[in-house]
Amino acid sequence: MSSMQSDGIQPLSGIRVIDFSQVMLGPSATQVLADYGADVIKIERPGAGDLSRSSIPDDPDGPNNPVFRSLNRNKRSIALDLRQDEGKQVVYELIRGADIVVNNFRAGVMERMGFGYARLAEINPRIICAFGSGFGQAGPLAYKGGQDILAQALSGVMMRKCNDDEPLTIYATSLCDYSAGMHLVQAILLALLQREKTGRGQQVSVSLFESMLAMQMQEAAMWLQRGRDFSWGAYPLTGAFPTTDGAVVLVGAFKANPLRDICTALGLPDLSADPRTADFAGQVKHKAELQALFRERFASNTTEHWLARLDEQDLLCAPVLTLSDALVHEQTKANGSVVSHEPGDPLALIGSPLTMDPSAFRIRHAPPALGADGDAVLAEAGFPASRIRALREAGVLS
């Protein structure tokens, strides 16, 4: 998609979100809502704000930290001291005109702050409270601090390997946070649809732990029903193989005789005619030998050479790219995946992966500086200028 926008009505136009969330789970969810028209108001701590503002040593006090920017476009920021009763009262007044409240604190924190669902529903029965946690709202880990890497470990994801000799490692991308964030978006949108039928809001929640279990639905079903492991990546004809100038990933599956076609592409004798490797069970048994033959052949020529040979046999394959390569790939350009606030803006971001009417996604404004929109947000909520000044003088608003 491009940064050029049309004047169409966005799907979430008119929806207001009060966003207490920070770092990634919650902000990734509220950014989706903001991208598609919701007015997302970040409630931030004076002088500090969202932890992702300072998560890397890059412009820690400003809005241009890349980590913060990646998760907070199209939002507005108000910095409130919620330790003061007047700060809490400001939030209550904002809740009256809001549709959704989002947080990803530990279980019980919003209740202790006076912002639990029961209290907010008294103020606004149509409010939807969305909660993203580490492990869920009940159980032995409900009050434990959640984090992406912990969820990788506790959910079994970290232990799953394509080959037994691979070292135990942390997955380098925050897949738990992103997965849970997208599940939170689903819950919020479903709650909005249900509110259209009932007229009332509700509390919805997701957790990093549950999202990771859900992501393993195929593997979990195999274990629960058959008592054995399952991994597409562990198939005997699948792997990542170094070439003379890079690497190729090959998925040797979803064909009548993939081994025959792989051997044709690699210039090997047809190993599917060998009784030892003629069927899947034999290929599993002799996986190490097959993979060694593949590695030797791939190492003899370039990535481009082998991709052409594999494509001739209509085998599933791809080059193994770095992120920097992927960002400038022709497919990335064709999809319009990289966006900016204005044409030519060097502060580029990854846009939405959804393909919809061009007017649905819109970058209305850049990620906000801490507290930059406090006066405007309160004025829109009906606060007179004199009260806004008093809040600033009392240190409630900054």
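Residues numbered from 1 in each chain as written. Predicted model: local features only at pLDDT ≥ 70, side-chain atom pairs only at ≥ 80, totals over all residues. Heavy atoms only, no water.

Attention now goes to the confidence of the model for the chain. Mean pLDDT over the chain stands at 94; residues scoring 70 or higher make up 97%. A low-confidence stretch, residues 1-6 (pLDDT under 50), is modelled with 19 contacts involving residues beyond four sequence positions or located in other chains. (pLDDT = per-residue confidence, 0-100. Contact = heavy atoms within 4.5 Å.)

Attention now moves to a negative patch on the surface. A cluster of acidic residues, D164, D165, E166 and D229, forms a negative patch at the surface. As for its placement among the helices and strands, D164 is situated in the loop between α6 (148-154) and α7 (175-198). (Patch = residues over 30% accessible without salt bridge, like charges linked within 9 Å, V, L, I, M, F, W, Y side chains within 5 Å. Areas by Shrake-Rupley, 256 points an atom, 1.4 Å probe, with all protein chains shown as cover. Salt bridge = Lys/Arg side-chain N within 4 Å of Asp/Glu carboxyl O. Lys, Arg positive; Asp, Glu negative; His and termini not counted. Charge placed at Lys NZ, Arg CZ, Asp CG, Glu CD. Helix = DSSP H or I, 4+ residues; strand = E, 2+ residues; numbered from the N terminus.)

Moving on, we come to the pairing of strand β3 (residues 75-79). The buried fraction of β3 amounts to five of the five residues, a majority that puts the element mostly inside the structure. Burial along β3 is two-sided: K75, S77 and A79 facing one way and R76 and I78 facing the other are all buried. Sheet topology note: the strand β2 (residues 39-44)/β3 ladder contains five bridges and is parallel. Directly across from V40, in β3, lies its bridge partner K75. (Buried < 20%, exposed > 50% of the residue type's maximum accessible area, 1.4 Å probe, protein only. Pairing = 2+ DSSP bridges.)

Counted under the stated rule, the structure contains 11 aromatic pairs. Each ring, one from F20 and one from F115, has its centre 5.4 Å from the other, and the planes form 35 degrees; the classification is tilted. In this pair, F20 is assigned in the loop between β1 (16-19) and α1 (25-35) and F115 in the loop between α4 (109-113) and α5 (117-123), connecting sequence segments 95 residues apart. There is no split in this pair, since F20 and F115 are both buried. Look at F230 and Y235: their rings are 6.4 Å apart centre to centre, the planes differ by 85 degrees, and that puts the pair in the edge-to-face class. (Phe/Tyr/Trp six-rings, centres within 6.5 Å; stacked < 30°, edge-to-face > 60°.)

Next up on the list: a nonpolar patch on the surface. Taken together, L323, L327, V328, V338 and I350 make up a surface patch of nonpolar side chains, about 450 Å² in accessible area. Locating I350 in the fold gives a position in strand β11 (residues 349-350). Residue I350 is classed as partly exposed on the basis of its relative accessible area of 47%.

What follows is about the pattern of salt bridges. One pass over the full model with this rule turns up 19 salt bridges. With its nearest N and O atoms 2.8 Å apart, the salt bridge here joins R73 to D35. Here R73, found in the loop between α2 (66-71) and β3, pairs with D35, found in helix α1; they are 38 residues apart in sequence, far enough to count as distant. Overall, D35 belongs to the buried group, its relative accessible area being 3%. Several salt bridges converge on common partners, so that one network encompasses R16, D39, R76 and E380.

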